[in-house]
Amino acid sequence: MSSPQSESQELKDAGINFNRDNVHVVKTSSIIIIAVKPHIVPCVVQEIAPYMKRDCHLVMSVAAGIKLEYYEKALKVGVVRVTPNTPALVGEGVSAFTLGTHCKKSVSGVVKQMLSCVGLCEEVPEKLQDTVTGISGSGPAYICIVIESLADGAVKMGMPREMALKFAAQTVKGAAKLLLETGKHPGELKDEVCSPGGTTIAAIHQLERAGLRAALMDAVETSTLKSREIGGHY
Ligand SMILES: NC(=O)C1=CN([C@@H]2O[C@H](COP(=O)(O)OP(=O)(O)OC[C@H]3O[C@@H](n4cnc5c(N)ncnc54)[C@H](OP(=O)(O)O)[C@@H]3O)[C@@H](O)[C@H]2O)C=CC1
Ligand SMILES: O=C(O)[C@@H]1CCC=N1
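On a predicted model such as this, the values are computed, not experimentally measured, just so you know.

The rules behind these values
Residues numbered from 1 in each chain as written. Chains lettered and ligands numbered in written order. Predicted model: local features only at pLDDT ≥ 70, side-chain atom pairs only at ≥ 80, totals over all residues. Helix = DSSP H or I, 4+ residues; strand = E, 2+ residues; numbered from the N terminus. Contact = placed C-beta atoms within 7 Å. Pairing = 2+ DSSP bridges. Axes fitted to C-alpha atoms, helices over the stretch in contact; angles between N-to-C directions. Near = placed C-beta within 6 Å. Nonpolar A, V, L, I, M, F, W, Y, C, P; charged D, E, K, R; others polar. Domains from an automatic or database assignment. Buried ≥ 20, exposed ≤ 12 C-beta atoms within 10 Å, placed from the backbone. Right-handed = clockwise from strand over helix to strand, strands pointing away. Parallel < 35°, antiparallel > 145°, perpendicular 65-115°, else oblique. Left-handed = near helix turned anticlockwise from the far one by under 90°. pLDDT = per-residue confidence, 0-100. Core = buried A, V, L, I, M, F, W, Y, C linked by C-beta atoms within 7 Å.

Caption draft 1: Inspection of the environment of Thr200 at higher detail. Structurally, Thr200 is set in helix H10 (residues 199–210). Spatially, the C-alpha atom of Thr200 lies 45 Å from that of His39, the residues being 161 residues apart in sequence. Apart from the residues within four sequence positions on either side, Thr200 is in contact with Val193 and Cys194.

Below, the structure is given as structure tokens:
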């Protein structure tokens, strides 16, 4: 793990002006990204509010649950709510954004250009943002559990761990790519793997018995509701 000093040096080397003073950041920047944990947002908002200028600043918030209305009331500038996800780190993220009422329409293009650099980007109505958290915001964690579990199964059956993880991850990546590139329905792609009386349909019977579909639907619902609950506190 890198130290805060080496992180700040890495940012400087990448041409990013690093500073820990939020007020200094606001005074020297036009686009302010709020990316602290939701419970810290009120402290940051209170700290920067006196320095915000409607003609100079645009705020982008990635905090789960916190609504545009909260920021608009406190900061009185254009605000964009964004729900990103961690695969943005490798250029394969999903980001959904919603413009606040003080934003000019042209802001949409700027935001899209920024977020498209790290993956898929869609503009969505704010009422969908909590569901975005439920599917793609939290989703990488669900899929990592799927990958880990597939690998555990292969290890149980004698495959070395490293090989099992590589095969499981590539299978998830490959299945996703196949679906996205062919545009086929996932049920059709599933059927293409299932020979009558074969191995895959036997395995799928186990997954159905274990309630995999319902478990994943419940996960998305629970994360969505949690995001709504967080939003309700602000
Ligand atoms: N993780 C995810 O997959 C996703 C997260 N989000 C949202 O993104 C936000 C950040 O999450 P995540 O990156 O996981 O959180 P982290 O805790 O990893 O990062 C939070 C950052 O905020 C900094 N910070 C803490 N307090 C302050 C402050 N008062 N002023 C300025 N900076 C401060 C911390 O710096 P330091 O440690 O140096 O103090 C740290 O770099 C959350 O609101 C979350 O809901 C949204 C979608 C996906
Ligand atoms: O769990 C969290 O709080 C964050 C929000 C979206 C994904 N992870």
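And the narrative resumes.
Caption draft 2: Representation of the sheet that holds strand E5 (residues 119–123) within the structure. Taking strand neighbours across the sheet as the criterion, the five strands line up as E1-E2-E3-E4-E5 in an open arrangement whose pairing is mixed. The open sheet has two edge strands, strand E1 (31–34) and E5, and neither has a second partner. Taking the axes of each pair of neighbouring strands and ignoring which way they run, one obtains an average angle of 25° across the sheet. When strand E3 (residues 78–83) meets strand E4 (residues 93–99), the two strands line up antiparallel, connected through four bridges. What sits directly across from Arg81, in E4, is Thr98. The strands touched by helix H6 (residues 129–137) within the sheet are E3 and E4, with E3 carrying the most contacts at an inclination of about 35°.

Caption draft 3: Representation of the site of ligand 1 within the structure. Close to ligand 1 lie 17 residues, the nearest being Val36, Val62, Ala63, Ala64 and Gly137. Taken together, the residues of the shell around ligand 1 sort by class into eleven nonpolar, five polar and one charged.

Caption draft 4: The arrangement of the domain arrangement of the chain in detail. With domains assigned, the chain is organised as domain 1 (4–124) and domain 2 (139–230). A separation of 33 Å is found between the C-alpha centroids of domain 1 and domain 2. With six residues of domain 1 in contact, the opposing surface of domain 2 contributes five residues. Residue classes in the side of domain 1 that touches domain 2 are distributed as three nonpolar, three polar and no charged.

Caption draft 5: Quick look at the pairing of E3. Most of E3 is tucked away: six of the six residues are buried. Residues of E3 alternate between two faces, with Gly78, Val80 and Val82 on one and Val79, Arg81 and Thr83 on the opposite face, all of them buried. Relative to E3, strand E2 (residues 58–61) runs parallel, the two being bridged by four bridges. By the bridge assignment for E3, Ser61 is matched with Arg81. Crossover E2 to E3 through helix H4 (residues 68–75) is right-handed.

Caption draft 6: Focus on the packing of H6 against helix H11 (residues 212–232). Relative to each other, H6 and H11 sit at 140°, their axes nearing to 7 Å. Viewed along their axes, H6 and H11 adopt a mutual orientation that is oblique. The two elements H6 and H11 meet at a crossing, and its hand is right-handed. Of H11, the residues touching H6 (which contributes Asp130, Thr131, Thr133, Gly134 and Ile135) are Val220, Glu221, Ser223, Thr224, Ser227, Arg228 and Gly231.

Caption draft 7: Seen up close, the confidence of the model for the chain. Mean pLDDT over the chain works out to 95, with 98% of the residues at or above the 70 mark. Model confidence for the complex: the whole-complex pTM is 0.92, and ipTM, which rates the interface, is 0.95.

Caption draft 8: Summary view of the nonpolar core. Formed by 26 residues in total, the largest nonpolar core has its most connected members in Val59, Tyr71, Leu75, Val79, Val80 and Phe97. For this core, the elements supplying multiple residues, two or more each, are E1, helix H3 (41–48), E2, H4, E3, E4 and helix H5 (107–116). Sort the elements by how many residues they give to this core and H4 lands first, with four residues. For Tyr71, the residues in contact, after removing those within four places along its chain, are Val45, Val59, Ser61 and Val79.

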